Structure formats: structure tokens, C-alpha cells
Amino acid sequence: MSGHTENEITIAAPLDLVWDMTNDLENWPQLFSEYAAVEVMKREGQKTTFRLTMHPDDNGKVWSWVSERTTDRKGRNVRARRVEPGPFQHMDIRWEYSEVPGGTRMHWRQDFAMRPDAPVDDAWMTDNINRNSRVQLELIRDKIEQRDRERRSASVPAN
């Protein structure tokens, strides 16, 4: 068995701003509520290898793993995979961006499978990712829309 999730949100901001903010890995701890730290390990062209560390979970455990992320600005998508899969047999992620009336739609797709000895199964993780993705997408939307409002008000000359 395997897990699959798809979540999306429309952000009332230009695609360039959405792209720049969501692909600024070093700023992820300020953009996502779940990440405590990001350590960029290597950059090769559009591919970045990095360590992502979460805040402690309810049991005090800190989860951390290495991922590779390849951006395709022209194609408006990002592909990522866990290099250190931890409890996952594999975790593959695709982010897609599109301009829509009123802003930018960001679509997240995750395909994964849990290891047989993982503490949870594919169904549990699917529910968990779906629940958390909605929370994170709303936080990201709110932060980007706030930044867009600040940029626009700063560019309006005072009378």
C-alpha cells in the first residue's frame, strides 16, 4: 500500500512573490509553524540538498531528515524527495504554481509509503499530512498576503 495526498490553496498575491517566499529555504522556519531549522548542505544549479528539523512533537521527539529539492521556475514546479527517508520507504513531493484570477494557486502533491516497522501506517500518515497541509497552507497564504499588502502600501507615495 502507499499514501497519496493533494492539497492546494489560492494566495491573493503575484506568482513571483509566492514563488520567492515559498522557495526561500532558509526562511522556512518563519514561514512554516512546524519547522525549527533548515540547514542547506549543498546547492547544485536548481537542486538543493538540505536538512529540515521540526519542533519537538507531543512526546518531545525532534524529527529531522535530509531532502533534495529541485526547482523549475520556468515550469512553475518543484520536485522534492527525502534522501534520509526515516520512517518512510519513500517520500516524493511535487509543488505546482499557477496564476489564477485573484492570485496564485499553489498545489502540493505527496506520494509516499511507510516502512513496515514505522510507528504509523500509510492511512494514518495520509490523514496526518492532509490535516497538517491545510494548516500550513493557510499560514503560508496569510504570511504571503501580508507581505504583499506591505509591499504595495510601501510603494504608494504619501500625499
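Check the entry above for the structure.
Undergrad: Report on the packing of helix α1 (residues 15-22) against helix α3 (residues 122-155), specifying residues and quantitative values.
TA: Where α1 meets α3, the axes come as close as 10 Å, and the angle between the chain directions of the two elements is 125°. Taken together, the axes of α1 and α3 lie oblique to each other. Crossing of α1 over α3 shows right-handed handedness. Packed against α1, whose contacting residues are Leu17, Val18, Met21 and Thr22, the element α3 presents Ile140, Lys143, Ile144, Arg147, Asp148 and Arg151 at the interface.

Undergrad: So what's going on with α1? Residues and values would help.
TA: With 6 of 8 residues buried, α1 lies mostly within the body of the structure. Among the residues making up α1, those that are buried are Leu15, Leu17, Val18, Trp19, Met21 and Thr22.

Undergrad: Break down the side chain of glutamate 34 for me, with residues and values.
TA: Positionally, glutamate 34 belongs in the loop between α2 (28-31) and β2 (35-44). A distance of 3.4 Å separates the side chain of glutamate 34 from the side chain of tyrosine 35, its partner in a polar contact. Within the structure, the side chain of glutamate 34 is placed 2.6 Å from the side chain of asparagine 132, a separation counted as a polar contact. Discounting chain neighbours no more than four positions away, the residues touching glutamate 34 are Met54, His55, Asn132 and Gln136.

Undergrad: So, the nonpolar core: which residues are in play, and what are the values?
TA: Grouped burial of nonpolar side chains is what soluble globular proteins tend to show. Residues Trp28 and Met106 are the most contacted members of the largest nonpolar core, which totals 26 residues. Mapped by element, the contributors of at least two residues to this core are β1 (3-11), α1, α2, β2, β3 (47-54), β6 (88-100), β7 (103-114) and α3. Element by element, the count of residues in this core is highest for α1, at 5 residues. Discounting residues that sit within four places of it in the chain, tryptophan 28 has contacts with Thr22, Tyr35, Val38, Phe50, Leu52, Arg69 and Trp95. Ranked by size, the runner-up nonpolar core spans 7 residues in total, among them Phe88, Met91, Ala118 and Ile129.

Cut-offs applied
Residues numbered from 1 in each chain as written. Predicted model: local features only at pLDDT ≥ 70, side-chain atom pairs only at ≥ 80, totals over all residues. Heavy atoms only, no water. Axes fitted to C-alpha atoms, helices over the stretch in contact; angles between N-to-C directions. Helix = DSSP H or I, 4+ residues; strand = E, 2+ residues; numbered from the N terminus. Parallel < 35°, antiparallel > 145°, perpendicular 65-115°, else oblique. Left-handed = near helix turned anticlockwise from the far one by under 90°. Contact = heavy atoms within 4.5 Å. Buried < 20%, exposed > 50% of the residue type's maximum accessible area, 1.4 Å probe, protein only. Polar contact = N/O pair within 3.5 Å; in protein donor to acceptor, adjacent residues only side chain to side chain. Core = buried A, V, L, I, M, F, W, Y, C linked by side-chain atoms within 4.5 Å.

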